[in-house]
Each structure stands twice: as C-alpha cells, then as structure tokens.
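Residues per chain, in single letters:
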Amino acid sequence: MIPPRASFPEGFVFGAATAAYQIEGSSFGGCGPSHWDTFAATPGNVVRAEGGAVACDHYHRWREDLDLVRAAGFDAYRFSTSWSRVMPDGVTINPEGLDFYDRLVDGMLARGLQPFLTLYHWDLPAALSDLGGWRNRDTCLRFGDFTETVIRRLGDRLATVATINEPWCVAWLSHFLGAHAPGLRDIRAAARAMHHILLAHGIAVERMRGLGQTDLGIVLNFDHAAPASDSAEDKAAAATQDAIFNRWFLEAICHRRYPAEALAGLEPHMPAGWRDDMALIGQKIDWLGINYYTRHLYRHAPGTAWPSCADVAGPLPKTQMGWEIYPEGLEQFLTRIARDHTGDLPLYVTENGMANDDHAGQPDPVREDFIAAHFNAAQRAIAAGVNLRGFFYWSLLDNYEWAEGYQKRFGLVHVDYETLERLPKASYHALSRALARN
Ligand code: FCB
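Below is a short write-up of the structure. Just so it is clear, the structure is predicted and the values come from calculations on it, not from any experiment. (Residues numbered from 1 in each chain as written. Predicted model: local features only at pLDDT ≥ 70, side-chain atom pairs only at ≥ 80, totals over all residues. Heavy atoms only, no water.)

1. Thoughts on the side chain of asparagine 94
Assignment of secondary structure puts asparagine 94 in the loop between helix H4 (83–86) and helix H5 (95–110). Engagement of the side chain of asparagine 94 in a polar contact is seen with the backbone oxygen of glycine 30, the distance being 3.4 Å. When residues no more than four places from it in sequence are discounted, the contact partners of asparagine 94 are Gly29, Gly30, Cys31, Arg85, Val86 and Pro88. (Helix = DSSP H or I, 4+ residues; strand = E, 2+ residues; numbered from the N terminus. Polar contact = N/O pair within 3.5 Å; in protein donor to acceptor, adjacent residues only side chain to side chain. Contact = heavy atoms within 4.5 Å.)

See the structure below:
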C-alpha cells in the first residue's frame, strides 16, 4: 500500500515530473532543432531511430495533461523549458515559445499546482552544439542569457527553479559513454563538459539572484555504486564510480572541490583555469533535487583505460530498463547527502519511478509496490532527521525515454502513440487515493 499523505510531514509536496523534449513535440511552435533531434536522426543511436518531433503532443494537449496532474491530487508539477523552443538558434528569442510556457505556468496556477521549473533538461540548440556544445565555455554564457530570458517572463509565478537536470548525464553519459546526445566517447570532451555544466549552473544562479529570483537549486542524479565482490580492486572500482557519479557535482556545489578519485583521471583534461570557477559553482543554493532510480555493481576491469571499471548484472528484480529495484539506496543517499554535504538544506526527491511493459487498461501492481517502497524509504530518511520537503514521481506520462525511444513506459498515465490518447493506469488511481486529503 502506498503510504498516505497524512503519514508525511505537514506541507510535504507531492508532484509529478516531465521534461520538455520528452513530451512536447519538437516540430511544433517554431521550436528549433536540438542536438537530440540530430542524435536521434543518426542510425544506431536511438532504438528504432525514434525522436521527439511529436512525442506526446503535449504542446497541444497541455491542458488535458495539467488536468491529469491536478486530478491525481498532486500539489506541484515539475516541468522544463526547452532552450531550442525559447531560442531556436540558441540566441534569438522565439516569442511563440515563451508564450507557450507563459500559458503553461498560468495553467498550473489556475489548477492550484506549484510550478517547479527546470531550465535545462537536455535539449541544447543544435546551433550551439555545432560550436562545441558543453565542451565550449561560451555555451555557459549563452545559458546565462537563456536563463535570464525565461526568468524575466516566468519568474514571478514559479515556486522553485532548478538550473540543470542531471549534470552526470549531460556530461559523462553523453561525452564519455556516448549513450546520449551528442554521443561522444572522449575523455577530454567529458572533462570539459563535467566542468562547464557546473559553470553554467553557477552563472545561471548568479544571473537569477541579480533578478531577485528565489528558491534556486539544481537536480543531481545518484546511483548507488556497490562493489561486485569483497576484493580490494572491486571496492576501489566502486569508489571511483561513486566519485564520478555521486560526488563530483555534489562536492563542487557543496564544498567547491572535486573528489580526488575522479580528478585522478580527469585533471589532465580539464579546461585551463578551472579552479578559478569553483567559487561561482559553489555559491549558495536554496535547495537540492535528488533523482534516484537504482544501484549498480562494479568490478575492476584489468587492461582497460581509467576508470578501469565494468558493470556486473545484479541479482535483484529489475524494471523494464533492466534497472535493479533497490529502495534502500534512496534512504542511504538521503541520509548520506544530508549528513556529509547539505546539513539542513531542503532536499526534494525530484525524480523516482520505474518503466514497465504496460498495456492500456491492464493493472500495473509492480509500479504501485515500487512507489510504496520508495515512499517508505523517504519516510525512514525523514524519521532520521533529513530535511526532505517533497517527492516527485517520474513520470506523469509515458514518454520519449531518450536513447530507448518510446518502448520504455514510466508513466502513471498510459499514452497510445497512434492516437495520443491518455489513459490513467491503476498506479495513477492508487497514488491519487494515497494523496487524497481527508
Ligand atoms: C532520468 C532523466 C529523465 C528520465 C528518467 C527515466 O535520468 O532525468 O528525463 O529519462 O531518467
């Protein structure tokens, strides 16, 4: 059973999360091409070569989608602004794009939903990608301009603002592992992106403070890194992964430093003068967002270049993504992050959820259990004193799951990609019963 609203602290915020490229439809409303459109158009990058041209057609169906958020009993909606919709070439404003988000935010307020904005959830304008994207320091300055444009228009009605969604995915997954746009496998590109994405965050926070914007944060993703065995080599492999994935961004934001285990491999490739940026990167924020899905087991991979690690399949039940279901990891991260890094800073779980091979009208009990287990984990962290303020389910709708295309279904609401019809799943109804105010 999903624990009810009344078992959480007074004022705890429950929300649903989405992201622009995954739902809106990038072919509508004067949106420019992003590096996700070009990445998807290149054979071999995305399952069935699917892209976000139509996605869930949220650009036209947003009213219905906000009605679904409200009818579920959520308090808040986490959404993102597409840079390539607001500035199709990365710099020139598309008034139609800003108008869309203006209507969307008003639509949230009209339904009593708190708008939680994420400025960047991965749709980098292709024109900026052509100039080197996150390898290029200039992109950070352009992001500052984009931030200011969005905040001048929407800022008076937002509950919170996150600068960047999941810098690890923006940098490491996309420039070292090559799995997301721009699909590079290059340690020098990765080191630059690892730093520049944080610099972009710092510049954006500074620009927003200058405008008087409040409740500023960033959303980081965490993936429990466990050694595949008790050997010293496997433990070291897991510690290195933990440093790259879980500590690089967190320590930069909270302590103005990068962890030594990660710098060991990245320092030779870092952009000149990076240390001078650490004060800007580590300036005060007002809250931290935590995305958590799973854990990974790592072993030492002899004869490979740094970080000399390999993934090992774990024994736990897995979601449609092949991700192990490990709710304990959420509790561990929340308590560890508060204890070692953030102290009393407000935390939000900004994403947690699971993909399942759902079919319209069939029950999805595994998702209900998943939500219940992760709500319970959050409650244990709260009981241990963690200042957790809210929990957002990923995602409201089945949507474009990046390199996995449309096959992986994370939604509380089923989407028929032929008709674009929305159909709430059993987990949607179970969650809305838990969120009902008695
Ligand atoms: C996160 C992303 C989100 C979604 C989920 C499943 O890494 O932020 O867009 O794809 O994973």
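From this point, things continue past the structure.
2. Concerning the site of the ligand
Every residue lining the ligand is accounted for by Gln22, His121, Trp122, Asn165, Glu166, Tyr293, Glu351, Trp394, Glu401, Trp402 and Phe410. Within the side chain of glutamine 22, an N or O atom sits 2.7 Å from an oxygen atom of the ligand. For the ligand, an oxygen atom lies 2.7 Å from a polar atom in the side chain of glutamate 401. For the ligand, whose free accessible area comes to 300 Å², the fraction covered by protein is 95%. In this structure, the ligand is accommodated by the largest pocket. Among the residues making up the shell around the ligand, the classes are represented as 5 nonpolar, 3 polar and 3 charged. (Near = heavy atom within 4 Å. Areas by Shrake-Rupley, 256 points an atom, 1.4 Å probe, with all protein chains shown as cover. 1 Å grid on protein atoms, 1.4 Å probe; cavity = no way out; pocket = protein on both sides within 12 Å on 5 of 7 lines; lining within 4 Å. Sits in = over half its atoms within 2 Å of the grid points. Nonpolar A, V, L, I, M, F, W, Y, C, P; charged D, E, K, R; others polar.)

3. A closer look at the side chain of histidine 35
In this fold, histidine 35 is placed in helix H2 (residues 35–40). We classify histidine 35 as buried; its relative accessible area is 5%. Polar side-chain contacts of histidine 35 include one of 3.0 Å to the backbone oxygen of tryptophan 122. In contact with histidine 35, not counting residues within four places along its chain, are Tyr120, Trp122, Leu124, Pro125, Ala126, Ser129, Ala181 and Pro182. (Buried < 20%, exposed > 50% of the residue type's maximum accessible area, 1.4 Å probe, protein only.)

4. Quick look at the packing of helix H8 (residues 167–175) against helix H10 (residues 232–255)
Direction vectors running N to C along H8 and H10 enclose 135°, while the axes themselves pass 10 Å from each other. Compared by their axis directions, H8 and H10 come out oblique. Note on packing geometry: the crossing formed by H8 with H10 is right-handed. Contacts between H8 and H10 pair Pro167, Trp168 and Trp172 from the former with Ile244, Phe245 and Phe249 from the latter. Partitioning the contact of H8 with H10 into residue classes produces 6 nonpolar, no polar and no charged. (Axes fitted to C-alpha atoms, helices over the stretch in contact; angles between N-to-C directions. Parallel < 35°, antiparallel > 145°, perpendicular 65-115°, else oblique. Left-handed = near helix turned anticlockwise from the far one by under 90°.)

5. As for unusual backbone geometry
Looking along the chain, the bond that leaves alanine 181 and enters proline 182 is cis, with omega of 10°. On the secondary structure map, proline 182 appears in the loop between H8 and helix H9 (187–210).

6. Considering the nonpolar core
Counting residues in hydrophobic clusters, the biggest one holds 128 residues, and the most contacted among them are Tyr120, Trp134, Phe143, Trp248, Tyr258 and Leu288. For this core, the element with the most residues is H9, which contributes 12 residues. (Core = buried A, V, L, I, M, F, W, Y, C linked by side-chain atoms within 4.5 Å.)

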